[in-house]
Each structure stands twice: as structure tokens, then as C-alpha cells.
Amino acid sequence: MEYTRLGATGLEVSPLCLGTWRFGQESGGVVETDREQAHTLLDAFADAGGNFIDTANGYGGGDSERWIGEWLDDRDREDYVVASKVYWSQESRFQENLSRKNIRAEIEGTLERLDTDYLDVYYIHRFDDDTPIEITLRTLTNLVEEGKVHHLGASTMAAWKLTKALWKSDVEGLERFDVTQPLFHAAYRKDVADYLDVCADQDLAVCPYSPLAGGFLTGKYERAGDGTQDVDAPDGSRGDLDEMFGDWYVSDRGWQVLDAVREIADEQDATPAQVALRWLIQQSEFTCVPIVGARTTDQLEENLGAIEVELTDAQCERIDDARGT
């Protein structure tokens, strides 16, 4: 597997990142990915050459971090790039913010659960409008100076808030965000162009979550009825179980993109999922490392197959045209 440079961090990472939000996650009283399944997925990812693992303090009530920590215990920690997040609380009661108190408590809990001395990337999971950003950035800067965190990341937020944070870092001499994690995929109904323009201009790596639109871009969904958001979903799929699936992932743009992705998949002898992931990997304006949240090793193997696909410029343009960009 060939690795890619993660923006300006200097870190060499696999072209896909393994997302672990399903680890320990309960849906309808059933754990989506249990401890044994989590370790099996981590094994498969590492055996394929994957080295970039994404988690958060709240995933599975902390089980995601615990299970990754147990798995890392039998491996060389230096071989892996591990990212986690802070905002929601596992340690500080009633603290859901980016205050100094909450960040300090949460980093200790995260490091303990992961059984590691440091994080390679530490994201703010959300922007905190009530805590001055310079307080948050100064606290995070101290974590970098203490060696507990190597690089800072920012997840979902408005483009102007990301710009404000970068400006504060520059004028105050504080550590700045090097990595971002927006919701971004080929079929996304909302444009995040302004956010991505900031990333391109500031050499920030982009690690999009839900890169397959909750499974919509795998090609397993078909139109049902006359409504744009009416889908024929396989039993047990997210579209079958989540009543908000249509609102989140299905749009006129989405169906147009899916048609283009399916056509290109046939041309490439690939799957729609692999084409959708490869379109992200081949973004030319910024480093893009999609986060895949496979539930089975078969799904993970399919996702990893995107690394071997190479889209032509014309094929990428067809997807862009379907998006209306």
C-alpha cells in the first residue's frame, strides 16, 4: 500500500482511514460492532497495510477507545496514526464544551482508554460558540507542548469559524488545525465548497466522514415511487432502519451522482463504493483521506479496493458534472 502525506503534518497515512464509531454503538438495543468484531476489523485493516485509525471519546460510551487500546497493546504503537476527539464528555459531568476543564479531563480519559501516551491527531468534535476560541486553542497548544497530542484537527463547523480559529492561531502564536473532518461525499446535497476552499488555501488535510452517504453510494438503493427521497432499501440496511435516511442522504443531486458513479464503476470493473471513495481520494486541491466505517471484513475489503482504482480526468469530471459543480 502506498501512503499519503496528511496535509502539512508530515504524517504518512494509508489512503483510507478506519472509522470506529460503530464500535460499541447500540442501535435498537443491539451492539452494531462488538469487541471481537472490532478486533477482527482492526486486524483486517492492519493486514492490508492500513495505519490510520479514527475514534472519539464518546463512541460506544468509551468502548471504541478501550477496544482499540487493547488491540494496540499487541502491536507497535509507532506503526499507527491514531485520532480521537473532544467536545462531548465522558469524564466531566455536565461538561459538553471546549473549556479548559473539559479538554483537560477528556484527554486524560482518552489516553487511559487507548492505553497510550499520546494522540497523533486530536479533533475538536464541534465548535464551541460559548468558549472563546483562544482559550480552547491555548489549552490544546499546551497539550501539544506536553507531548500528549501531536497535531490538532477540527470537525464539522462553518467555514468562517474555521477561518477565525486559524487566524487566532496565527496572531496569538498558538498551534493551528492541520486536519479537518467534514461531512463530505460526492452526493452531498449541501455544498461545503467554502469550507473546502479554506482547507485548500491553508494546506489542511480533509478526512471526510460518511464518504459513502450512509451507504447510498454503494449502489444498493433504488428509487421507489415518485418522491426524490423514496428509496427501496434492502432489509437491515441503514435506509431500512433509519427513518431519517432519506432526509440525510437522498436528493436529486444524489440520484444523478449515483447514476454517474454506477456507469463509471461498470467501465472500471469496480463497485460504486470504490468509485465514490476514489473520487474523494483523487481530490486535487487538498489531501483527502476518507474515513470508512465498514461493519464487516467483506465491506472493508471492498472499500480498500478503492486504493487500486484510478479514475480518469474525464470520469472525475462526469461526477463533478452530475453534482452540478
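Residues numbered from 1 in each chain as written. Predicted model: local features only at pLDDT ≥ 70, side-chain atom pairs only at ≥ 80, totals over all residues. Heavy atoms only, no water.

Caption draft 1: Fine view of the overall build of the protein chain. Scanning the protein chain for helices and strands turns up 12 helices and 14 strands. A globule of 325 residues ought to have a C-alpha radius of gyration of about 20 Å, and the protein chain, at 19 Å, matches this closely. When its C-alpha atoms are laid out on the principal axes, the protein chain stretches across 55 × 45 × 40 Å. A buried classification covers 56% of the 325 residues belonging to the protein chain. Residue pairs at least 24 apart in sequence account for 75% of intrachain contacts in the protein chain once pairs closer than 6 positions are excluded. Each charge class in the protein chain was averaged separately, 30 positive and 65 negative side chains, and the resulting centres sit 6 Å apart. (Helix = DSSP H or I, 4+ residues; strand = E, 2+ residues; numbered from the N terminus. Rg over C-alpha atoms; globule rule 2.2 N^0.38 Å. Buried < 20%, exposed > 50% of the residue type's maximum accessible area, 1.4 Å probe, protein only. Contact = heavy atoms within 4.5 Å. Lys, Arg positive; Asp, Glu negative; His and termini not counted. Charge placed at Lys NZ, Arg CZ, Asp CG, Glu CD.)

Caption draft 2: Main features of the nonpolar core. One finds Tyr 122, Leu 162, Phe 177, Phe 216, Leu 217 and Ile 319 to be the most contacted residues of the largest nonpolar core, which totals 88 residues. Not counting the four nearest positions on each side in its chain, Leu 217 is found in contact with His 185, Ala 186, Ala 187, Pro 211, Leu 212, Val 257, Leu 258, Pro 272, Ala 273 and Ala 276. Leu 11, Cys 17, Tyr 123 and Ile 291 belong to the second largest nonpolar core, which has 14 residues in total. (Core = buried A, V, L, I, M, F, W, Y, C linked by side-chain atoms within 4.5 Å.)

Caption draft 3: Geometry of unusual backbone geometry. Notably, Asp 115 is not glycine yet its phi reads approximately 55°, a positive angle. Assignment of secondary structure puts Asp 115 in the loop between α3 (100-114) and β8 (119-124). Backbone geometry places Ser 210, a non-glycine residue, at a positive phi of 50°. Inspection of the secondary structure puts Ser 210 in the loop between β11 (205-206) and β12 (222-223). The class of Ser 210 is buried, set by a relative accessible area of 15%.

Caption draft 4: Spotlight on helix α4 (residues 133-145). Compared with an ideal rise of 1.5 Å per residue, which puts 13 residues at 18 Å, α4 spans 18 Å between its outermost C-alpha atoms and is within 8% of the ideal. The set of residues buried in α4 consists of Ile 133, Thr 136, Leu 137, Thr 139, Leu 140, Thr 141, Leu 143 and Val 144. Phi turns positive one or two residues past the end of α4, at Gly 147, with a value near 80°. (Expected span 1.5 Å × (residues − 1).)

Caption draft 5: Focus on the packing of helix α1 (residues 35-47) against helix α2 (residues 63-72). Two elements in contact, α1 and α2, have axes whose closest approach is 10 Å; the angle formed by their N-to-C orientations is 55°. Comparing the axis directions of α1 and α2 gives the class oblique. Here the hand of the crossing between α1 and α2 comes out right-handed. In this structure, α1 uses Arg 35, Ala 38, His 39, Leu 42, Asp 43 and Ala 46 to contact α2, whose residues at the interface are Trp 67, Ile 68, Glu 70 and Trp 71. (Axes fitted to C-alpha atoms, helices over the stretch in contact; angles between N-to-C directions. Parallel < 35°, antiparallel > 145°, perpendicular 65-115°, else oblique. Left-handed = near helix turned anticlockwise from the far one by under 90°.)

Caption draft 6: Geometry of the sheet that holds strand β9 (residues 149-154). With parallel pairing, the eight strands of this open sheet are ordered in space as β11-β10-β9-β8-β7-β6-β3-β14. At either end of the open sheet lies a strand with only one pairing partner, and these are β11 and β14 (291-292). Strand direction decides the pairing type here: strand β6 (residues 52-54) and strand β7 (residues 81-86), joined by three bridges, are parallel. Bridging from a neighbouring strand, Ile 53 pairs with Val 82 of β7. (Pairing = 2+ DSSP bridges.)

Caption draft 7: Fine view of the packing of helix α5 (residues 159-172) against helix α6 (residues 193-201). The contact between α5 and α6 brings their axes to 8 Å, and the two run at 25°. Overall, the two elements α5 and α6 adopt an arrangement that is roughly parallel. Along the contact surface, α5 presents Ala 159, Leu 162, Thr 163 and Leu 166, while α6 presents Asp 194, Tyr 195, Val 198 and Cys 199. Looking at the contact of α5 with α6, its residues break down into six nonpolar, one polar and one charged. (Nonpolar A, V, L, I, M, F, W, Y, C, P; charged D, E, K, R; others polar.)

Caption draft 8: Spotlight on the side chain of Thr 139. Within the secondary structure layout, Thr 139 lies in helix α4. Excluding residues within four positions of it along the chain, Thr 139 makes contact with Arg 100, Ile 103 and Arg 104.

Caption draft 9: Structural context of the pairing of strand β10 (residues 177-180). Strand direction decides the pairing type here: β9 and β10, joined by three bridges, are parallel. When the bridges of β10 are listed, Leu 152 appears paired with Phe 177. The β-α-β motif built from β9, the intervening α5 and the parallel element β10 has right-handed crossover chirality. Across two bridges, β10 lies against β11 in parallel orientation. Among the inter-strand pairings, Val 179 is bridged to a residue of β11, identified as Ala 205. (Right-handed = clockwise from strand over helix to strand, strands pointing away.)

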